[in-house]
Amino acid sequence: SLLSASGHAFAMNTHLSRLRVRSRWAHQAALDSPHDPSSDGGSTGLTQLTNMAATEFEWPRHKKFFGRCLEIMPASLSHLDPNRMTLVFFALSGLDMLGALPGEPRRKQIADWIYSLQVVPIEGGAAAGFRAAPDLGFPYSSDGTAIVNPYDTSHLTMTFTAIACLTILGDDLTRLRRADIAAALGRHQTACGSFASTLADGETDMRFMYCACCVAHMLGDWSSVNKEAAVGHIMACLSYDGAFAQLPGLEAHAGSTFCALASLFLLGGLDALSAAQRRRVTEWLLFRQIQGFQGRPGKLEDTCYAFWVGASLHLLGASEFVDHAALEAYLRTTQGGMTGGFGKHSDCPADPMHSYLGLVGLSLNGHPDLPPVHPGKSDPIIATAPMLDHEDVQLVLFSRQR
């Protein structure tokens, strides 16, 4: 299981174990998608493992894809185990978008696994939050009081996705170290206003600015965040070509542009952009559409930018200028064949991240079969509330809007 307490269960190093997982994944996909021999002259259906330019979106297959991702990953994705919490987030969020979340017994199992990865803060050491996976081999503890270890550390992205997952699961959050996590955000913030992913020489690009803002918003507690410094750093990342880069002086990118705009929105700082700057970033984003969207000039279109670009344009009030029909036609081509899910390009296998962002991109594009999502919400959550409102799960992610 992806949620195994052992950090070694997922990382299969021998050739035999890789074959076993690959065989199980393909076999289950084949059972989920019976093949009609008449459609291709009686072939075995193995060619359907590649992506297909379907006339409709394959919702039942997509549900089964996310369900399999929650239980076992193909060997080709075993290198993602250090980010296991994000994989669980994409799988759960995809199932939520499709109205196919697991039942109550399984939800509690998943919530217990998430709490087993909650980091106990240490004065001068580890900050409160969540780690990605049980890599350090600590004894399993689902009560939120894991063993304190000087080598332990939380990660902003994992903290964000863990809280989002717990909210999606309907957990009461009584085991969540709210005050400690809110206080830890100040320790992650640097002198220039950016946020480090971890306290141990962590990266400090726009992704972690966004994760920190999401955590503060979901907790309803900005007390340790220097908002003015954060807005100043974001604006310093506005590139010469009109959009936002990961760090000051770098090339603009659609992903960092979304993270910057969404962070400004959550910080209440979108008005830091002048009218001319808003116009330039809007034009830059609109010029990223080929049929689907690309992430930078000169790059191929990619499924995930249906969200990164689409959500950015929604935040700027400019989604009406998107060619919605062309975008939907492109996303049909990146659907997985036998497996379900969405791939990066039309010739790539499906993976959890592109599958979830493809769904959210379709929702933002107005597809009638999917619940609407919102790219941000201005009203904060009351800090004393016993539970976060599902509508306020912000990230990529964004919750279903109910």
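Use the structure listed above.
Visitor: Hey, could you run me through the overall build of the chain in this one?
Guide: Scanning the chain from terminus to terminus reveals 13 helices and two strands. Across the 402 residues that make up the chain, the buried fraction comes to 58%. Considering only residue pairs separated by 6 or more positions, the chain has 73% of its internal contacts joining residues 24 or more positions apart. For the chain, the accessible area works out to roughly 16,400 Å², and carbon and sulfur atoms hold 56% of it.

Visitor: Just to check I follow, could you spell out the layout of surface pockets for this structure?
Guide: In this approach the atoms are scanned with a rolling probe the size of a water molecule, which exposes any empty space left behind. Estimated volume of the largest pocket: approximately 830 Å³. Taken together, 36 residues form the lining of the largest pocket, with Phe-90, Thr-157, Arg-207, Trp-308 and Met-353 sitting closest to its centre. Taken together, the elements giving at least two residues each to the lining of the largest pocket come down to helix H3 (84-97), helix H5 (156-168), helix H7 (206-219), helix H9 (254-267), helix H11 (305-315) and helix H13 (352-364). Taken together, the residues of the lining of the largest pocket break down into 20 nonpolar, eleven polar and five charged.

Visitor: Would you mind going over the pattern of salt bridges with me for this structure?
Guide: Should their charged atoms come close, side chains of opposite charge can pair. Counted according to the given criterion, the structure contains 13 salt bridges. Arg-177 is the partner of Asp-180 in a salt bridge, and the nearest nitrogen-oxygen pair spans 3.2 Å. A residue is classified by how much of its surface remains accessible, and Asp-180, at 32% relative accessible area, is partly exposed. Of the residues examined, Arg-177 reaches a relative accessible area of 24% and is grouped as partly exposed. In this structure, Glu-251 engages Arg-296 in a salt bridge whose closest nitrogen and oxygen atoms are separated by 3.1 Å. One end of the pair, Glu-251, is in the loop between helix H8 (227-236) and H9; the other, Arg-296, is in the loop between helix H10 (275-286) and H11, with 45 residues separating them in the sequence. Residue classification places Glu-251 among the partly exposed residues on the basis of a relative accessible area of 39%.

Visitor: How should I be thinking about the nonpolar core in this particular structure?
Guide: Most often, soluble globular proteins keep nonpolar side chains buried together rather than apart. Residues Ile-114, Phe-130 and Phe-258 are the most contacted members of the largest nonpolar core, which totals 106 residues. Broken down by element, the residue count for this core peaks at twelve residues, all from H7.

Visitor: Is there a simple way to explain the environment of Pro-349 in this structure?
Guide: Along the chain, the position of Pro-349 falls in the loop between helix H12 (324-333) and H13. For the pair Pro-349 and Gly-337, spaced twelve residues apart in sequence, the C-alpha to C-alpha distance is 8.6 Å.

Visitor: Honestly, helix H6 (residues 178-188) in this entry has me stumped. Any pointers?
Guide: Three or four residues apart is the spacing at which side chains of an α-helix point the same way, because the helix has 3.6 residues per turn. Taken together, the buried positions of H6 are Arg-178, Ile-181, Ala-182, Ala-184, Leu-185 and His-188. For H6, the angular spread of buried residues about the axis comes to 155°, placing them on one side. Looking at the buried side of H6, the elements it contacts are strand E1 (118-119), strand E2 (129-130), H5 and H7.

Visitor: Explanation requested: the packing of H6 against H7 in the structure shown.
Guide: Any two packed helices are characterised by how steeply their axes cross, that is the angle between the axes, and by the distance between the axes. Contact geometry of H6 with H7 gives a least axis separation of 10 Å together with a crossing angle of 145°. As for the relative orientation of H6 and H7, their crossing is left-handed in sense. Where H6 approaches H7, its residues Arg-178, Ile-181, Ala-182 and Leu-185 are matched on the opposing element by Ala-212, Val-215, Ala-216 and Leu-219.

Visitor: Sorry, what's going on with the packing of aromatic side chains here?
Guide: Think of a pair of aromatic rings as described by two things: how far the centres are apart, and how the planes are tilted against each other in angle. For the coordinates displayed, the defined rule picks out twelve aromatic pairs. Their ring planes at 55° and their centres at 6.1 Å tell us that Phe-89 and Phe-160 sit as a pair that is tilted. Of this pair, Phe-89 sits in helix H3 while Phe-160 sits in helix H5; the two residues are 71 residues apart in sequence, bridging distant segments of the chain. Classification of Phe-89 by relative accessible area gives buried; the value is 2%. Residue Phe-160 is classed as buried on the basis of its relative accessible area, which comes to 1%. Each residue in the set Phe-89, Phe-90, Phe-160, Tyr-210, Phe-258, Phe-307, Trp-308 and Tyr-356 is aromatic and connected to the rest through ring pairs, giving one cluster. Taking the ring centre of Trp-284 as reference, the NZ or CZ of Arg-288 above it sits at 4.7 Å.

Cut-offs used in this document
- Residues numbered from 1 in each chain as written.
- Predicted model: local features only at pLDDT ≥ 70, side-chain atom pairs only at ≥ 80, totals over all residues.
- Heavy atoms only, no water.
- Helix = DSSP H or I, 4+ residues; strand = E, 2+ residues; numbered from the N terminus.
- Buried < 20%, exposed > 50% of the residue type's maximum accessible area, 1.4 Å probe, protein only.
- Contact = heavy atoms within 4.5 Å.
- Areas by Shrake-Rupley, 256 points an atom, 1.4 Å probe, with all protein chains shown as cover.
- 1 Å grid on protein atoms, 1.4 Å probe; cavity = no way out; pocket = protein on both sides within 12 Å on 5 of 7 lines; lining within 4 Å.
- Points joined across faces, edges and corners; volume = space filled by probe spheres on them.
- Nonpolar A, V, L, I, M, F, W, Y, C, P; charged D, E, K, R; others polar.
- Salt bridge = Lys/Arg side-chain N within 4 Å of Asp/Glu carboxyl O.
- Core = buried A, V, L, I, M, F, W, Y, C linked by side-chain atoms within 4.5 Å.
- Arc of directions from axis to C-beta.
- Axes fitted to C-alpha atoms, helices over the stretch in contact; angles between N-to-C directions.
- Left-handed = near helix turned anticlockwise from the far one by under 90°.
- Phe/Tyr/Trp six-rings, centres within 6.5 Å; stacked < 30°, edge-to-face > 60°.
- Lys NZ or Arg CZ within 6 Å of the ring centre and 35° of its normal.

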